[in-house]
Protein chains: 2
Amino acid sequence: MRIDPLDTFISHYKPLVENRLENAVTQLEAPESLKNSMLYSLQAGGKRIRPLLLFATLKAFGYKPEMGVDTAAAIEMIHTYSLIHDDLPSMDDDDLRRGKPTNHKVYGEATAILAGDALLTLAFKMVGSIDPETADANVKLALINTLSKAAGAEGMVGGQVADMEGEGEKLTLKELEYIHINKTGRLLAYSVLAGAEIAQANQSVKDKLSQFAHHIGLAFQIRDDILDLEGTEEQIGKPIGSDTENEKNTYPSLLSLEGAKKALTEHISQAKQALSTTGLDTTLLEQITDLIGLRNS
Amino acid sequence: MRIDPLDTFISHYKPLVENRLENAVTQLEAPESLKNSMLYSLQAGGKRIRPLLLFATLKAFGYKPEMGVDTAAAIEMIHTYSLIHDDLPSMDDDDLRRGKPTNHKVYGEATAILAGDALLTLAFKMVGSIDPETADANVKLALINTLSKAAGAEGMVGGQVADMEGEGEKLTLKELEYIHINKTGRLLAYSVLAGAEIAQANQSVKDKLSQFAHHIGLAFQIRDDILDLEGTEEQIGKPIGSDTENEKNTYPSLLSLEGAKKALTEHISQAKQALSTTGLDTTLLEQITDLIGLRNS
């Protein structure tokens, strides 16, 4: 029985987080140029996979997805800041992101760095200010501490450093997985685990959702690598083959394209397997899993 | 009666926050290069004025300064990240900071940006993880939310953007004050107000400490501007006159050197006036106020 097919769900909940993001930045008492730079990247499109994962997790527990909107906005702010900083000339030096000029191309490097800093900083206030009826003080603190861990040196930022250091070197699959579990996986996983935290799930269910999140994180990155080879510039919003050109270690470069596709199928299957053991209504999470494995952009 | 003269206080409490900073970074499970880059700037010296303000505020309430150590470390992480990002080529392009090569000169731009990001992210976990006996969950959330506000678009980052936009333009005193209240003042003020929050001060005392913090924040910046003209390179750890060279708006450039000195004396005096109305034992805070007004580095 499909009570809530994914497309209806997306069309309802994607605007919810997008409006929250817009309001949170618009109402800041801050220089207009800074706010414009923050909004530019927040509104540059994107699938909002992380917010959707959080909303779908709450739904799986029988909770209202609306309860996750502030946390979802915080996650999207952190995801967005990481893209702004990654695109900088001293990092990946990308001119295009989702088919539009990158933040520093429009606002200059200094403002882009500061817009990233401001988004990262604001994210913690979003979580710290969740309505007390949605999450009590201890739940909010748990959300803040795990967000810091997932996004910082022990998570996303650490993965980005490892990724940079691996460029031009031949990595093992284990090293590549370390990079992607941290660089991409940890924030995707956080989106699921934040939902479990708000729903005050028991540890056993959290562990199963962790397993699920681990596999979709890797699936997400493998799909990304495959798209860089097989997608069109229109689909992915940047030139095809840029990973190869930048001597990035990717799943296809390590496993061959066919091997990467096999690994993708395997992670998708294990993600669904983990879901099936939770005892929750995981219809939407399964559909998002397919979306991650099959997406074209 | 001087129970606790400032030098004894500093020699006791400065190492406390410095050890906390070192431990917090050393124990991270993260790439060594990232941790080294974070530690390099955290350990580059500095007066630790913000931690000392927090400790002295707790002391003024009759609380143990030790209660502030995690918050002090968080503040110093945020202060340090802001210096790393400010020094970048696309920002102030400084090669020296406190007489040592800036972070990006040693670790490269990309790692410097990411070390800053990691410090900012870790700061919120420091506050979120304070021992529950020191601060209950609601106090910790208040500390996190006000830290985000003081450090982000509505505070320090906003001030930095306004400062950049004002370069090469002739600002009014009001515009210059807006910049410095935000760029420098907000985090200094937070150091005092965080102490009041941990001590669970009433609103009236918080308001008086806000006044105090406002004046020491401006005094700090005016002293900085004066030192840029009158200090030695050895004292301030970077070339003299760099503000003038960068066409920065400063208090001396707006008010003349003599006018700036007069404004400094006035803010110091108003800061002490505000302190005297709090009813607290403010001996140490007064001494730190003098330190801010008279410092040579």
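In this text, all values refer to a predicted model and were calculated from it rather than measured experimentally. (Residues numbered from 1 in each chain as written. Chains lettered and ligands numbered in written order. Predicted model: local features only at pLDDT ≥ 70, side-chain atom pairs only at ≥ 80, totals over all residues. Heavy atoms only, no water.)

Considering the overall build of chain A
And then number 1: Secondary structure summary: chain A contains 14 helices and two strands in total.
And then number 2: For 297 residues, the compact-globule formula gives about 19 Å, and the C-alpha radius of gyration of chain A, at 18 Å, lands near that figure.
And then number 3: When the backbone C-alpha atoms are referred to their principal axes, chain A occupies close to 50 × 50 × 35 Å.
And then number 4: The burial tally for chain A puts 59% of its 297 residues in the buried class.
And then number 5: Long-range pairs, those at least 24 residues apart, make up 73% of the contacts in chain A between residues at least 6 apart in sequence. (Helix = DSSP H or I, 4+ residues; strand = E, 2+ residues; numbered from the N terminus. Rg over C-alpha atoms; globule rule 2.2 N^0.38 Å. Buried < 20%, exposed > 50% of the residue type's maximum accessible area, 1.4 Å probe, protein only. Contact = heavy atoms within 4.5 Å.)

Description of the interface of chain A and chain B
And then number 1: Contact with chain A, which involves 47 residues of that partner, is made by 47 residues of chain B.
And then number 2: With both sides pooled, the region where chain A packs onto chain B buries about 3,700 Å², and carbon together with sulfur makes up 70% of that total.
And then number 3: Across the contact surface, chain A and chain B share zero salt bridges.
And then number 4: Joining chain A to chain B, the criterion identifies 10 residue pairs in polar contact (both at pLDDT 80 or more).
And then number 5: Those elements that place two or more of their residues in the side of chain A that touches chain B are α2 (32–42), α4 (69–86), α6 (109–128), α7 (137–151) and α8 (156–166) of chain A.
And then number 6: Sorting elements by how many residues they give to the side of chain A that touches chain B places α6 of chain A first, with 13 residues.
And then number 7: Residues that form the side of chain A that touches chain B fall into these classes: 25 nonpolar, 14 polar and eight charged. (Buried area = accessible area lost by both parts, 1.4 Å probe. Salt bridge = Lys/Arg side-chain N within 4 Å of Asp/Glu carboxyl O. Polar contact = N/O pair within 3.5 Å; in protein donor to acceptor, adjacent residues only side chain to side chain. Nonpolar A, V, L, I, M, F, W, Y, C, P; charged D, E, K, R; others polar.)

Digging into unusual backbone geometry
And then number 1: Its identity is not glycine, yet Q200 of chain A carries a phi of approximately 50°, on the positive side.
And then number 2: Relative to the helices and strands, Q200 of chain A resides in the loop between α9 (173–198) and α10 (203–230).
And then number 3: Even without a glycine there, the phi angle at R98 of chain B is positive, about 50°.
And then number 4: On the basis of relative accessible area, R98 of chain B is assigned to the partly exposed category, the value being 31%.

Here we look at the nonpolar core
Side chains of a nonpolar character, in soluble globular proteins, are inclined to be buried together.
And then number 1: Judged by nonpolar contacts, the single largest core of 189 residues is most densely connected at L34, M38 and F212 of chain A together with L34, M38 and F212 of chain B.
And then number 2: Other than its neighbours up to four places away in sequence, F212 of chain B contacts L53, V192, A271, A274, L275, L285 and T289 of chain B. (Core = buried A, V, L, I, M, F, W, Y, C linked by side-chain atoms within 4.5 Å.)

Here's the deal with the packing of α6 of chain A against helix α8 (residues 156–166) of chain B
And then number 1: Contact geometry for α6 of chain A and α8 of chain B: axes closest at 10 Å, N-to-C directions at 165°. By the angle between their axes, α6 of chain A is roughly antiparallel relative to α8 of chain B. In this structure, α6 of chain A meets α8 of chain B at a crossing whose hand is left-handed. Facing A110, T111, L114, D117 and A118 of chain A of α6 of chain A, the residues of α8 of chain B in contact are V157, Q160, V161 and M164 of chain B.
And then number 2: Taken together, the residues that form the contact of α6 of chain A with α8 of chain B break down as six nonpolar, two polar and one charged. (Axes fitted to C-alpha atoms, helices over the stretch in contact; angles between N-to-C directions. Parallel < 35°, antiparallel > 145°, perpendicular 65-115°, else oblique. Left-handed = near helix turned anticlockwise from the far one by under 90°.)

Some points on the side chain of D87 of chain B
And then number 1: Along the chain, D87 of chain B turns up in the loop between α4 (69–86) and β1 (96–97).
And then number 2: Setting aside its immediate chain neighbours within four residues, D87 of chain B contacts D92, D93, D94, R97, T102 and H104 of chain B.

Quick look at the environment of P5 of chain A
And then number 1: Among the secondary structure elements, P5 of chain A is positioned in the segment before α1 (6–26).
And then number 2: Setting aside anything within four residues of it in sequence, one finds P5 of chain A in contact with L284 and Q287 of chain A.

Section: the environment of A56 of chain A
All names here are of chain A.
And then number 1: Positionally, A56 belongs in helix α3 (residues 49–60).
And then number 2: Residue classification places A56 among the buried residues on the basis of a relative accessible area of 1%.
And then number 3: Sequence spacing of A56 and M164 is 108 residues, and the spatial spacing of their C-alpha atoms is 33 Å.
And then number 4: Residues within four places of A56 in sequence aside, it is in contact with F9, L284, L285 and I288.

Some remarks on the relation of the copies chain A and chain B
And then number 1: Superposing chain A onto chain B takes a rotation of 180° plus a shift of 0.0 Å along the axis, which leaves an RMSD of 0.0 Å. Taken together, the rotation and translation describe the operation of a two-fold axis. Rotation axis and chain A: the residue whose C-alpha lies nearest the axis is A137 of chain A, separated from it by 2.8 Å.
And then number 2: When you check the interface residues of chain A against chain B, 100% turn up at the interface there too, and the contact is symmetric in its surfaces. (Least-squares fit on C-alpha atoms with pLDDT ≥ 70 in both.)

Examining the environment of L193 of chain A
All names here are of chain A.
And then number 1: Looking at the secondary structure, you find L193 in helix α9.
And then number 2: Residue L193 is classed as partly exposed on the basis of its relative accessible area of 26%.
And then number 3: As a C-alpha pair, L193 and V205 span 12 residues in sequence and 9.9 Å in three-dimensional space.
And then number 4: Once residues lying within four places of it in the same chain are set aside, the contact partners of L193 are K206, L209 and S210.

Considering the pattern of salt bridges
Residues and elements named next belong to chain A.
And then number 1: Per the stated rule, a full pass over the model turns up 30 salt bridges over all chains.
And then number 2: The closest approach of N and O atoms between R97 and D87, which form a salt bridge, is 2.8 Å. With R97 in strand β1 (residues 96–97) and D87 in the loop between α4 and β1, the pair connects residues that are 10 residues apart, well separated along the chain.
And then number 3: R97 gets classed as partly exposed once you look at its relative accessible area, which sits at 26%.
And then number 4: It is possible to trace a salt-bridge network through shared partners that takes in D92, D163, E167, K183 and K248.

Looking at α7 of chain A
And then number 1: Between its terminal C-alpha atoms α7 of chain A stretches 21 Å, which fits the 21 Å expected from 15 residues at 1.5 Å a residue.
And then number 2: Those residues of α7 of chain A not exposed but buried are A137, V139, K140, L141, L143, I144, N145, L147, S148, A150 and A151 of chain A.
And then number 3: Taken together, the buried residues of α7 of chain A touch α4, α6, α8 and α9 of chain A together with α6 (109–128) and α7 (137–151) of chain B.
And then number 4: Capping the start of α7 of chain A, D136 of chain A holds a side-chain oxygen 3.0 Å from the backbone nitrogen of N138 of chain A, two or three residues further along. (Expected span 1.5 Å × (residues − 1).)

Digging into the packing of aromatic side chains
Here the distance between the centres and the angle between the planes together describe a pair of aromatic rings.
And then number 1: Summed over the entire model, instances satisfying the criterion amount to seven aromatic pairs over all chains.
And then number 2: With a centroid separation of 5.6 Å and 65° between ring planes, the pair formed by Y40 of chain A and Y107 of chain A is classed as edge-to-face. Taken as a pair, Y40 of chain A in helix α2 and Y107 of chain A in helix α5 (residues 103–107) lie far apart in primary sequence, 67 residues in all.
And then number 3: For Y40 of chain A, a relative accessible area of 16% gives the class buried.
And then number 4: Given the relative accessible area of 27%, Y107 of chain A is considered partly exposed.
And then number 5: Seen in terms of ring centroids, F124 of chain A and F124 of chain B are 4.4 Å apart; in terms of plane orientation they differ by 10°. Their pairing is stacked. (Phe/Tyr/Trp six-rings, centres within 6.5 Å; stacked < 30°, edge-to-face > 60°.)

Section: helix α3 (residues 49–60) of chain B
In an α-helix, one turn spans 3.6 residues; hence positions three or four apart end up facing the same way.
All names here are of chain B.
And then number 1: With 12 residues, α3 should reach 16 Å at 1.5 Å per residue; the first-to-last C-alpha distance of 16 Å fits that figure.
And then number 2: Along α3, 11 of the 12 residues are buried, which leaves the element largely enclosed by surrounding structure.
And then number 3: For α3, the set of buried residues is I49, R50, P51, L52, L53, L54, F55, A56, T57, L58 and A60.
And then number 4: Looking at the buried residues of α3, the elements they touch are α1 (6–26), α4, α9 (173–198), α10 (203–230) and α14 (283–294).
And then number 5: G62, located one to two residues past α3, shows a positive phi value of around 80°.

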